[in-house]
Amino acid sequence: MFQMVVPKALQGDHSGLMFTLANAKKDIGYYQGMLANAPLAGSMGAALHQALVQANALGLGDKFVPSLIEAHEKVNGIRVGKH
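A short tour of the structure in this document, coming up. (Residues numbered from 1 in each chain as written. Predicted model: local features only at pLDDT ≥ 70, side-chain atom pairs only at ≥ 80, totals over all residues. Heavy atoms only, no water.)

The next subject is the overall build of the protein chain. For the protein chain, the count of helices and strands is 4 helices and 0 strands. Moving toward the C terminus, one meets the helices and strands of the protein chain in the order α-α-α-α. Considered along the principal axes of its C-alpha atoms, the protein chain spans approximately 40 × 25 × 20 Å. In the protein chain, buried positions account for 28% of the 83 residues. For the protein chain, long-range pairs separated by at least 24 residues make up 54% of all intrachain contacts whose partners lie at least 6 apart in sequence. On the protein chain, roughly 5,500 Å² of surface is accessible, and the fraction owed to carbon and sulfur atoms is 62%. (Helix = DSSP H or I, 4+ residues; strand = E, 2+ residues; numbered from the N terminus. Buried < 20%, exposed > 50% of the residue type's maximum accessible area, 1.4 Å probe, protein only. Contact = heavy atoms within 4.5 Å. Areas by Shrake-Rupley, 256 points an atom, 1.4 Å probe, with all protein chains shown as cover.)

This is the structure in structure tokens:
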């Protein structure tokens, strides 16, 4: 998965995984609900959910999952890869 996404993303192409951040947020929310009902721990899911909530709040919901890089750039004031 990373080999499919990261090289393109570092070149500024966020089309390596064509699934929107809004859909990813919705799906990880379902996953978190399943864990809560199991009950099982899922700290990685919770962390991902927060990253996706933040990306959506930044207005990136219609962009693809590799655009999480863009969200981290905005939040941290950094640049990753080429633009």
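A word on helix H3 (residues 43-57). In this model, H3 (15 residues) spans 21 Å end to end at C-alpha, consistent with the 21 Å of a helix rising 1.5 Å per residue. Within the sequence span of H3, burial applies to Gly45, Ala51, Leu52, Ala55 and Asn56. The arc that holds every buried residue of H3, seen down its axis, measures 135 degrees, which confines them to one face. Exposed side of H3, more than 90 degrees from the buried face: Ser43, Gln50 and Ala57 are the residues found there. Of the surrounding elements, those touching the buried residues of H3 are helix H2 (21-37) and helix H4 (68-76). (Expected span 1.5 Å × (residues − 1). Arc of directions from axis to C-beta.)

The final tally for this structure, using the stated rule, is 2 salt bridges. Between Lys26 and Asp27 there is a salt bridge, with its nearest N and O atoms 3.4 Å apart. For the salt bridge of Lys63 with Glu70, the shortest nitrogen-to-oxygen distance reads 3.0 Å. Its relative accessible area of 36% is what places Lys63 among the partly exposed residues. (Salt bridge = Lys/Arg side-chain N within 4 Å of Asp/Glu carboxyl O.)

Our next topic: the environment of Ala71. Inspection of the secondary structure puts Ala71 in helix H4. As for Ala71 and Asn56, which are separated by 15 residues in sequence, their C-alpha atoms are 8.8 Å apart. Filtering out sequence-adjacent residues up to four positions away, Ala71 remains in contact with Ala55, Leu58 and Leu60.

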